[in-house]
Every structure is written in C-alpha cells, then in structure tokens.
Amino acid sequence: MEFHGIKMMHIDLLGLSQIYLSSDKIASVTEWFHPQCMDNFQPLWVHDFGNNIYTLIDGHTRAYVAHKNGVFVLPIVYSSDDIVTNKVGQMLYKADIEWCKRFGLSHIKHLENRILNKSAYQKLWMERCDRSYDLLTKTSYNERMQLQNLAPGLFLYGASEDMSVL
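So, a few notes on the structure that sits alongside this text. Please read these numbers as outputs of a predicted model, since none were measured by experiment.

Here we look at the pattern of salt bridges
Opposite charge on two side chains permits pairing when their charged atoms draw close.
Phase 1 of the analysis: Summed over the entire model, instances satisfying the criterion amount to three salt bridges.
Phase 2 of the analysis: Between arginine 62 and aspartate 58 there is a salt bridge, and its shortest N-O distance comes to 3.8 Å.
Phase 3 of the analysis: Here glutamate 98 makes a salt bridge to arginine 102, at a shortest N to O gap of 4.0 Å. Here glutamate 98 and its partner arginine 102 are both found in helix α4 (residues 87-102), four residues apart, which amounts to about one turn of the helix.
Phase 4 of the analysis: Assessed through its relative accessible area of 31%, glutamate 98 is described here as partly exposed.
Phase 5 of the analysis: Using a relative accessible area of 47% as the deciding quantity, one classes arginine 102 as partly exposed.

What follows is the structure, encoded as structure tokens:
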C-alpha cells in the first residue's frame, strides 16, 4: 500500500503505534494548532506493516490535537526510511502495534485517558520502548520465544538490560 507524495486520509483509517501521549507535547502542539488554517500542519508519517493499515509512526500528538479540534481528514506521507523498513524497525513497530491491540487502542481518540506528564511519559513510554529495543536486539529469536513462553503476558513490556527481568 505504499504511495508517494502527500495523501489526505480520514483519521479513522489510521492505525496507532503508541500507547501514551505526553501532556507537554499536547500543550506545545495546541499553542500553534489552528483548525481553520492547516498550512503549518506537516503531514503525518505512516507505514503499512503488512496489515493493510496505514499506521502512524510519527505524529500521534498532532493527530490527537487535530481530532480534539474537530479535524478528521489529515495529510499523510508514506515512510520508506530504513529505520522503519529494516529488520529491527519492523520488529519494534510490530511490537508497538501489538501493545496497542493489547490495550484496545485502535483510534487516536482512545489515547484520551492515556496522557501522561513528562516524568510518567519518560518512565512508562520512553523507557518501555528502550526495554523493548533491548529485548528485540540483544536476544536471538529462540531466546525471545523462551522468554515469551515463560511469561507471555509480560513479554510485551520489554526486559531489563541484562535480560534477567521482564
């Protein structure tokens, strides 16, 4: 489903790859966002991870602020950047998508009750992503499967750096 250039898409058709939003980022976007003038609204980056859904890989906060202000059709751009398409990027984003599914997050409006202050966002989202990266890049597939079999419900939270704690 790759495309080139900017495409306009209804927000209901965009998938998520993030389970929290930052209140600081929302405040920052809210300062410059004007629903009547979208000239300064840069396109949201999306990618299809094999599920025929354009998943947001960047711009969740802008999408959320737009939605809260009644803007439902947004510009998107397809990302074919190496950071998204390489093996590690694919594993990480697919894990993020799985987290969203586990939490029942399928629409940007579902993040309304998942807005965190700076400290909580750092701990619960940024550190979670770091643990996921460690787990996915510092273990073999077989090691990950063994860990997942030991604690399937906790696997999605990532692991400590030495892989001793999920």
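With respect to the packing of α4 against helix α5 (residues 118-137)
Phase 1 of the analysis: Contact pair α4 / α5: the axes reach a minimum separation of 10 Å and the direction vectors enclose 130°. The orientation of α4 relative to α5 falls into the category oblique. The handedness of the crossing between α4 and α5 is right-handed. In this structure, α4 contributes Val88, Met91, Leu92, Ala95, Asp96 and Trp99 to the contact, and α5 contributes Trp125, Arg128, Cys129, Ser132, Tyr133, Leu136 and Thr137.

Concerning α5
Given 3.6 residues per helical turn, the α-helix brings residues three or four places apart onto the same face.
Phase 1 of the analysis: Taking 1.5 Å of rise per residue, 20 residues should cover 28 Å, and α5 covers 27 Å from first to last C-alpha, within 8% of that figure.
Phase 2 of the analysis: Taken together, the buried positions of α5 are Tyr121, Trp125, Arg128, Ser132, Asp134, Leu135 and Leu136.
Phase 3 of the analysis: Its side-chain oxygen at 3.1 Å from the backbone nitrogen of serine 119, asparagine 117 defines the N-terminal cap of α5.

The rules behind each value
Residues numbered from 1 in each chain as written. Predicted model: local features only at pLDDT ≥ 70, side-chain atom pairs only at ≥ 80, totals over all residues. Heavy atoms only, no water. Salt bridge = Lys/Arg side-chain N within 4 Å of Asp/Glu carboxyl O. Helix = DSSP H or I, 4+ residues; strand = E, 2+ residues; numbered from the N terminus. Buried < 20%, exposed > 50% of the residue type's maximum accessible area, 1.4 Å probe, protein only. Axes fitted to C-alpha atoms, helices over the stretch in contact; angles between N-to-C directions. Parallel < 35°, antiparallel > 145°, perpendicular 65-115°, else oblique. Left-handed = near helix turned anticlockwise from the far one by under 90°. Contact = heavy atoms within 4.5 Å. Expected span 1.5 Å × (residues − 1). Polar contact = N/O pair within 3.5 Å; in protein donor to acceptor, adjacent residues only side chain to side chain.

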